[in-house]
Structures are given as structure tokens and as C-alpha cells.
Amino acid sequence: MILTNEVLIRASIFVLAVCGFFIARYIRRHKTQNTPLVCPIKFDCHTVVHSDYARFLGFPVEILGMFYYAFIAIVYLGLTISPDLMLIVGYDILSIGLLSLSLAGFLFSAYLIGIQIFIIKKGCSWCIVSAFVCLIIFILATFLYDFSFLI
């Protein structure tokens, strides 16, 4: 396998998604075991993850995060190992789908950070790190997309 910029970006997205999955899993584990969630920056993670806003459409936000990160990790691992998957599925369909999904993940994270700042008025450092991971995944995904049709 030749190490190109695309392969390195895909591998980076895979690593970030795995990290995001473990952050969401860490939050979930502490939430379900009802053990204190220690925030490294002295925020109030417990209040945030147990708030009314910790569910979206009836689903715990951290579970949605785990599914999102797992899906992104699996797809980008597959694309890193076998770039020909892009041709099998269809370059345009897969590219637009992954870019849209990463944009949705970033926007949802930004929404949740907004909830923390403006409504709950408490912060969770793990949630902020997760939002940052979503942002970086989205930025990296834009480097993989061909925007030449806009020109």
C-alpha cells in the first residue's frame, strides 16, 4: 500500500473516531454505573451528562456518539486498507455521504456545546473534547472531497 495524503487522512480519521468512541464509552460507563465522572478541567460533567438534554429523540447522546464514531471508524478503516471500496460503492455517493455525516456530527456537537453554555450553564470537558474530535473529523473529511464541480 502506497502512503498517499488520502491514506494518511483516512487513517487519521479512523484514529480520531476510535478516540471519540472511547470518550463516549467512558461517559456511558460512568453514567450507567452512576459513578462520578471526573472532568480534567474542573467542569461539572455529572450535571451535564445527567441533564434533560443528555437524550436526543429518546436516545442517550453518548450512545448516539458511540454509533457515530464506530460507523466512521469502520468505514474509514475499510477505506484505508482497501481504497478500492470507493469504486465499489461509488465515489460520489460515499464521499457525499461521509462528508454529510461528518458535518452532521460536528453540527450536533456544536448544538450540544451550545446547550451546555447557554441553557445548562455548566460544562463537560469530555463533551468538549468529543466536539473537537467531530470538528477535526469534518475538516479532514473536507480534504478528501472533490469540490471541483463548484468551480
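Our subject is the structure that appears above.
Residues numbered from 1 in each chain as written. Predicted model: local features only at pLDDT ≥ 70, side-chain atom pairs only at ≥ 80, totals over all residues. Heavy atoms only, no water.

## Comments concerning the state of the cysteines
By the definition in use, this model includes 1 disulfide. Two residues share a disulfide in this structure: C39 and C45, whose sulfurs sit 1.4 Å from each other. Between C39 and C45, the disulfide has an S-S torsion of 110° and is therefore right-handed. Each member of the pair, C39 as well as C45, carries the same accessibility label: buried. Free cysteine C19: the closest other cysteine sulfur is in C134, separated by 12 Å. Of the residues examined, C19 reaches a relative accessible area of 39% and is grouped as partly exposed. (Disulfide = S-S within 2.5 Å. Buried < 20%, exposed > 50% of the residue type's maximum accessible area, 1.4 Å probe, protein only.)

## Regarding helix 1 (residues 5–33)
The terminal C-alpha atoms of helix 1, which comprises 29 residues, lie 42 Å apart, in line with the 42 Å expected from a rise of 1.5 Å per residue. Burial in helix 1 covers these residues: V7, I9, R10, I13, A17, G20, I23, A24, I27, H30 and K31. At the exit of helix 1 stands N34, carrying a positive phi of roughly 55°. (Helix = DSSP H or I, 4+ residues; strand = E, 2+ residues; numbered from the N terminus. Expected span 1.5 Å × (residues − 1).)

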